[in-house]
Amino acid sequence: LQRLSHDRLEQSLINKPVTLRDALLKLRVFVLERAQQNETLPAAQEFLSFLSQFCQLEVAALHPMQSRKHPLAQPVASIGCASELQPDDPLLQFALENQMLSHVQHLEGDLAQASRYLLVAPIKTSLSQTRGLLVVERMPFFALNEETLQTLTVLIAYYADHLIAADAAIPMREMLPDCPELFAEEVLKLARIEKETGIPSHIVALSVGRSGRQKDIYAMVKRMQRTLDLVWEMEEGEIKIMLTLMPLAGQQAVDGYLARIEAALQDQFGVDFVGARIKPNHSSVGVGHAPLLVQDIVTTCRINK
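Residues numbered from 1 in each chain as written. Predicted model: local features only at pLDDT ≥ 70, side-chain atom pairs only at ≥ 80, totals over all residues. Heavy atoms only, no water.

Trainee: Can you help me understand the packing of aromatic side chains in this one?
Mentor: To describe a pair of aromatic rings, one takes the distance between the centres and the angle between the planes. By the definition in use, this model includes four aromatic pairs. On the basis of an interplanar angle of 10° and a centroid distance of 3.8 Å, the ring pair of F47 and Y159 is categorised as stacked. In this pair, F47 is assigned in helix α3 (residues 44–55) and Y159 in helix α6 (residues 146–162), connecting sequence segments 112 residues apart. In terms of burial, F47 and Y159 fall into one category: buried. Seen in terms of ring centroids, F141 and F142 are 5.5 Å apart; in terms of plane orientation they differ by 80°. Their pairing is edge-to-face. The pair formed by F141 and F142 is uniform in burial state, with each residue classed as exposed. The side chain of K189 reaches across the aromatic face of Y158, ending 4.5 Å from its centre. (Phe/Tyr/Trp six-rings, centres within 6.5 Å; stacked < 30°, edge-to-face > 60°. Helix = DSSP H or I, 4+ residues; strand = E, 2+ residues; numbered from the N terminus. Buried < 20%, exposed > 50% of the residue type's maximum accessible area, 1.4 Å probe, protein only. Lys NZ or Arg CZ within 6 Å of the ring centre and 35° of its normal.)

Trainee: Before we go on, may I ask you to explain the nonpolar core in this structure?
Mentor: When a protein is soluble and globular, its nonpolar side chains tend to lie buried together. Formed by 67 residues in total, the largest nonpolar core has its most connected members in L51, L57, L134, L155, W232, L243 and V294. Discounting residues that sit within four places of it in the chain, L155 has contacts with L20, A23, L24, L27, F47, F50, L51 and F54. Among the nonpolar cores identified, the runner-up in size contains 21 residues, and Y218, V254, L258 and F269 belong to it. (Core = buried A, V, L, I, M, F, W, Y, C linked by side-chain atoms within 4.5 Å. Contact = heavy atoms within 4.5 Å.)

Trainee: How do you make sense of helix α9 (residues 181–197) when you look at a structure like this?
Mentor: Side chains of residues three or four places apart in an α-helix project in the same direction, reflecting 3.6 residues per turn. Taking 1.5 Å as the rise per residue, α9 with 17 residues should run 24 Å; its terminal C-alpha atoms sit 24 Å apart, in good agreement. The buried fraction of α9 is high, at twelve of 17 residues. Among all positions in α9, only F183, A184, E185, E186, V187, L188, K189, L190, A191, R192, I193 and E194 are buried. Backbone geometry just downstream of α9 places G198 in the positive-phi region, at approximately 80°. (Expected span 1.5 Å × (residues − 1).)

Trainee: Mind showing me how you'd approach the sheet that holds strand β10 (residues 279–284) here?
Mentor: One key point about sheets: their strands pair by backbone hydrogen bonds, in either a parallel or an antiparallel sense. The four strands lie next to each other as β8-β9-β7-β10, forming an open sheet whose pairing is antiparallel. If you trace the sheet from one side to the other, it starts and ends with β8 (230–236) and β10, each paired once. Sheet twist, expressed as the average angle between the axes of neighbouring strands with direction ignored, equals 15°. Sheet analysis places β8 next to strand β9 (residues 239–246), joined by seven bridges and oriented antiparallel. (Pairing = 2+ DSSP bridges. Axes fitted to C-alpha atoms, helices over the stretch in contact; angles between N-to-C directions.)

Below, the structure written as structure tokens:
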């Protein structure tokens, strides 16, 4: 039993060598490369292969929607010789009725036995548009766990909201015309993920002077950004403001990020935040209306300059 357990753990590490943050970074690059495609489900086959890599799907298909509760029988993508769609399948009907990712444990007794599928998930945007349906027939028993379900929920939500990202970001860009398009779109995607899954993301704002030693301090802080982070820089008179969007980062990650910056300030310049005249400000993206949240953070930075 111990040997079998070790083998399964080893196989899990081989199949899932990266974290959810890594998966999100890869998906961000992946969807941006195909942003100009006008299909209902852009790059569906590549997206399904991506999901199979990170969530160990073995037999699955993606179906576009004819209407909110009626998927087309013909898939736009499939892996592992997926069977013909069963529109009357109880799990499929449950997922469409409740418009949420559903698995066999949502069904009871004979209904669970009657379902061909292990998992069904609507590809639904934050504007409640159901663009497609993921149906999974087979995956490893040990892969059907809370971590996998959460990963699928995050990646599907991110992909779905990318389909409407440009339109959804218009209100924020009207409030803040200088806000980079990608920054605005990512805030909205991550706000939805936080509200639906409880996985937080944060915006950290730092105000730094533009003269003398503070130019070097600003350059040092900029070099400390993580690969996954997005940065929006702006100039306000004698200060520069740096807004850093930290995807899938909780309060502990924010505290660690600020502590690393302050430690670097001590090492290189012999000062803390107060001595460097840096004013940190931060908030999770899921509290309240995302465009107003970003506007409030920017306004606070301008007031405190």
